[in-house]
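Survey of secondary and tertiary structure
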Amino acid sequence: MNRRFPTAVAGAALLTSVLAAPAHAAVDFTGVVALSNCSGSVVRTPTARPEDPALVLTNGHCVKLMAPGEVLVEQPSSRTFTLLDRRGTGTLGTLTAERLAYATMTGTDLALYRLGSSYADVEELGSRALLLSPEHPVAGAAIRVVSGYWKKTYTCRLDGFAHRLREADWTWEDSLRYTAACDTIGGTSGSPVVQLSSGEVVGVNNTGNENGERCTLNNPCEVDEAGEVTVRQGISYGQQTYRIVPCIGADGRVDTGCAGSPHRWRGDPAA
């Protein structure tokens, strides 16, 4: 599993990427958090209220490496998150989870922690939650992957969508494929994938093919509707988030019976 956990990198890799891009909505480190081993973001649904408990989005594999079919729901948690300022050069405080609301690596690679703080509390610290888009993004859209762990951003476009993305024992559905400029590294797992035109979260960064191998750990492959396998060395991927939006209640709980609940996306394994 390409866990996108941190590895040693040159000092230049810690700097924010400066990549040419057209003028879009401002996308910075607002709402972005650092975990002990990954990145993440404070997110909300379009119907969330200021008094609702805030949610932190990251990868399922940032919780632990889960077995295919495994789903964690409403687990006690005291995990902490460092809330960054909008420039990513300072911190605004520490947020603490009360529950792991949802986590899976089946169909997608996604986790949501429910905090002891409300969205209003996050705003009092000088930040705000990022809006989860309820819509499927389109190919070619300009995006930014924002890593709280490295305090680094990547700017590129959505190159397209992988019908199925297979890595070792895991299969993910309708994954985001980035253009080569978003060459994410270890520690960027869980970073929000933000659409620049709207400033909304359309996915969560999770993996990339490092060595050109086929469907192995650290080397995901794409599988199309006909079962044909494509390997794209050096290309990174994220998991879409729009399907889970209607499954999140006002109390921050995830309805696992909801049609959009990610672990219900059951694709056939591909060799």
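Below: a short report on this structure. Just so it is clear, the structure is predicted and the values come from calculations on it, not from any experiment.

Turning our eyes to something else, we now look at the pairing of strand 2 (residues 39-44). Residues in a regular strand point their side chains to alternate faces of the sheet. Taken across its six residues, strand 2 has five buried, putting it largely inside the fold. Inspection of the sheet shows strand 1 (residues 32-34) paired to strand 2 by three bridges, in the antiparallel sense. Within strand 2, the position partnered with valine 33 by the bridge is glycine 40. The hairpin turn running from strand 1 into strand 2, its antiparallel successor, is four residues long. In the sheet, strand 2 pairs with strand 3 (residues 53-58) via three bridges, with the strands oriented antiparallel. The residue of strand 3 that forms the bridge with serine 41 is leucine 57. Two strands pair when backbone bridges link them, and strand 2 and strand 8 (residues 130-131) are joined in this way by two bridges, in the parallel orientation. The residue of strand 8 that forms the bridge with arginine 44 is leucine 131.

All right, on to the packing of aromatic side chains then. Applying the stated rule across the entire model yields two aromatic pairs. Summarising the aromatic geometry, the rings of phenylalanine 81 and tyrosine 113 are spaced 5.3 Å apart at their centres and angled 65° between planes, so their arrangement reads as edge-to-face. Of this pair, phenylalanine 81 sits in strand 5 (residues 80-84) while tyrosine 113 is found in strand 7 (residues 110-118), placing the two residues 32 residues apart along the sequence. For the pair formed by phenylalanine 81 and tyrosine 113, the shared burial category is buried. On the numbers, 5.1 Å between centres and 80° between planes, the contact of tyrosine 149 with tryptophan 150 is edge-to-face. Looking at tyrosine 149, the relative accessible area reads 26%, which means it is partly exposed. Of note, lysine 152 hangs over the ring of tyrosine 154, and the distance from its end group to the ring centre comes to 4.8 Å.

Definitions and limits used
- Residues numbered from 1 in each chain as written.
- Predicted model: local features only at pLDDT ≥ 70, side-chain atom pairs only at ≥ 80, totals over all residues.
- Heavy atoms only, no water.
- Buried < 20%, exposed > 50% of the residue type's maximum accessible area, 1.4 Å probe, protein only.
- Helix = DSSP H or I, 4+ residues; strand = E, 2+ residues; numbered from the N terminus.
- Pairing = 2+ DSSP bridges.
- Phe/Tyr/Trp six-rings, centres within 6.5 Å; stacked < 30°, edge-to-face > 60°.
- Lys NZ or Arg CZ within 6 Å of the ring centre and 35° of its normal.

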